[in-house]
Amino acid sequence: MFIDEVRIHAKGGKGGDGVTAFARQPYEPKGPPDGGDGGNGGSVVLRASRNVASLVDFHHRPHRQAERGRHGSGDRRRGADGDDVVLLVPVGTVVKDEHGTPLADLAAEGDEVVAAPGGRGGRGNAAFRTPRRRSPRFRELGEPPTERWLTLELKLAADVALVGFPNAGKSSLIARLSAARPKIGDYPFTTLSPNLGVVRHDDVDFVVADVPGLIEGAGEGRGLGHDFLRHVERARVLVHVLDCATYEQRDPREDLATVVAELQRYQADLLERPALVLLNKADADPDVAEIVRPDLEADGWEVIVGSAVTGDGCDRLVGRLATIVEGLRDEEPATVAPGRPTTRPVLRPVEEEVTVEATDDGFRVSGPQVERWVAMTDFGNDEAVVYLGNRLARAGVEKALVAAGAREGDSIDLAGVAFDFSPDQSDLPADEREEIDAGGGG
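Residues numbered from 1 in each chain as written. Predicted model: local features only at pLDDT ≥ 70, side-chain atom pairs only at ≥ 80, totals over all residues. Heavy atoms only, no water.

Novice: Please explain a negative patch on the surface as it appears in this structure.
Specialist: Together, D202, D203, E326, D330 and E331 make up a negatively charged patch on the protein surface. Mapped onto the elements, E331 comes out in helix 6 (residues 314-331). (Patch = residues over 30% accessible without salt bridge, like charges linked within 9 Å, V, L, I, M, F, W, Y side chains within 5 Å. Areas by Shrake-Rupley, 256 points an atom, 1.4 Å probe, with all protein chains shown as cover. Salt bridge = Lys/Arg side-chain N within 4 Å of Asp/Glu carboxyl O. Lys, Arg positive; Asp, Glu negative; His and termini not counted. Charge placed at Lys NZ, Arg CZ, Asp CG, Glu CD. Helix = DSSP H or I, 4+ residues; strand = E, 2+ residues; numbered from the N terminus.)

Novice: Any chance you could explain the packing of helix 7 (residues 368-375) against helix 8 (residues 382-394) here in plain terms?
Specialist: Two quantities define a packed helix pair, namely the angle between the helix axes and the distance between the axes. In contact at an axis separation of 10 Å, helix 7 and helix 8 are set at 175° when each is read in the N-to-C sense. When the axis of helix 7 is compared with that of helix 8, the two are roughly antiparallel. Note on element contacts: helix 8 touches helix 7 through L388, R391 and L392, opposite V370, W373 and V374. Of the residues assigned to the contact of helix 7 with helix 8, the class counts are five nonpolar, no polar and one charged. (Axes fitted to C-alpha atoms, helices over the stretch in contact; angles between N-to-C directions. Parallel < 35°, antiparallel > 145°, perpendicular 65-115°, else oblique. Contact = heavy atoms within 4.5 Å. Nonpolar A, V, L, I, M, F, W, Y, C, P; charged D, E, K, R; others polar.)

Novice: Hey, could you run me through the sheet that holds strand 8 (residues 147-154) in this one?
Specialist: Hydrogen bonds along the backbone pair up the strands of a sheet, which may run parallel or antiparallel. Here we have five strands laid out as an open sheet, ordered 3-1-8-5-6, and mixed in their pairing. At either margin of the open sheet sits one strand with a lone partner, and together these are strand 3 (63-65) and strand 6 (102-106). Averaged over all neighbouring strand pairs, the angle between strand axes comes to 25°, with direction disregarded. Bridge count between strand 1 (residues 5-11) and strand 8: seven bridges; the pairing is antiparallel. Of the residues in strand 8, the one forming a bridge with E5 is E153. (Pairing = 2+ DSSP bridges.)

Novice: How should the pattern of salt bridges be read in this particular structure?
Specialist: Should their charged atoms come close, side chains of opposite charge can pair. A complete count under the given rule lists 22 salt bridges for this structure. Here K96 ties to E153 by a salt bridge, and the two come within 3.6 Å at their closest N and O atoms. Residue K96 is found in strand 5 (residues 93-96), and its partner E153 is found in strand 8; the two are separated by 57 residues along the sequence. Exposure class is identical for K96 and E153. Each is buried. Close ionic contact of D255 with R250 constitutes a salt bridge, the shortest N to O distance being 3.1 Å. A relative accessible area of 25% means that R250 is categorised as partly exposed. Overlapping salt bridges, with partners in common, bring together R120, R123, E140 and R391 in one network. (Buried < 20%, exposed > 50% of the residue type's maximum accessible area, 1.4 Å probe, protein only.)

Structure representation (structure tokens):
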């Protein structure tokens with residue numbers, strides 16, 4: 001089954017928790033803190049591979065999760081990192097977030113993107129020891145992982161795309177030109193998913209895609225228009241396959257005009273690519289081909305008359321396509337060193353600053369960094385809560401709340417955790433807050 005669009009739920013692994021521990025040795029019953037850090041959680045990674053031809057595996061198993069990090073332990077032993085989960089997708093897969101914003105275009109072998117990063121491991125109490133805080137009795141919890149829904153959309157990476165009305169003979173043509181064996185029938189929409197075939201001419205190999213038949217309104221999504229048209233986007237060359245022997249006695253010139261209009265409506269720059277016209281089935285009605293050909297050539301089209309059934313004109317078509325494809329490849333700049341995987345631009349959201357907004361119950365503080373701090377705080381430990389308060393103060397959260405109108409005792413919502421605002425230390429220098437945080441040491 002050919003699947004070219006799926007939704008998946010990717011979830012990274014949670015970071016391992018840090019640990020609170022102290023060295024216990026002979027003659028040193030109260031040794032220094034030696035709690036180790038937790039390991040980082042694994043990430044869900046999408047990687048393009050030519051060994052995968054469809055997204056069908058994700059259709060049946062849409063939920064994917066990486067391994068969590070292990071907890072730290074005493075003697076400063078760090079927990080093991082969780083293993084990444086590498087998901088292989090076809091070359092030409094576009095990754096979009098739940099809002100439809102593109103995150104990555106995996107257009108070449110080896111391209112990859114981190115779909116769901118794992119959480120960072122929490123620090124053990126040994127990491128919090130300072131000259132003033134000599135015996136910290138708190139640790140960090142592991143960072144929660146990223147989890148989100150993503151849309152994977154496959155756009156076939158072919159050199160040549162065969163486009164045209166249903167039953168124009170595209171499947172017969174790709175079967176004639178290559179070793180592909182698509183379903184062929186004498187009725188419209190025989191092909192319901194694209195077929196790929198490799199064609200060789202002299203020393204030039206190129207890939208041809210048989211794109212299912214287009215109909216009027218396809219550019220606006222009528223029928224399966226968008227599902228079909230997306231596979232034309234990456235093609236270097238277009239071949240308009242026109243039927244010269246339709247039982248409806250359609251005019252091939254009108255068919256061409258309709259297909260061109262749909263391509264322009266869907267993506268106008270498709271018309272700027274090299275294109276040929278194949279007047280197919282000329283063996284069944286050669287008079288139509290002879291009538292239509294002069295008009296198409298007068299409009300600037302390069303026209304080849306032939307038949308996918310008899311093979312007439314196919315050698316000429318393959319030769320022209322090989323010449324065009326080879327020329328286009330020579331024009332492409334060599335941007336990647338041989339033997340190194342291609343890296344495509346990856347768009348990632350930029351972390352926003354801390355924002356404070358008034359609510360009916362008080363104030364809400366949001367921001368990726370401070371929300372992460374809250375998630376990694378052990379609220380069952382008073383020292384950890386004091387440490388969090390000092391971090392928030394140093395990050396300017398207290399000043400932002402005061403500027404927004406927050407007063408002593410107001411309710412503050414931060415990452416789902418409710419706080420009572422207490423700005424007593426908001427004007428203290430950082431070193432004085434650190435001294436208070438240390439609690440006298442010992």
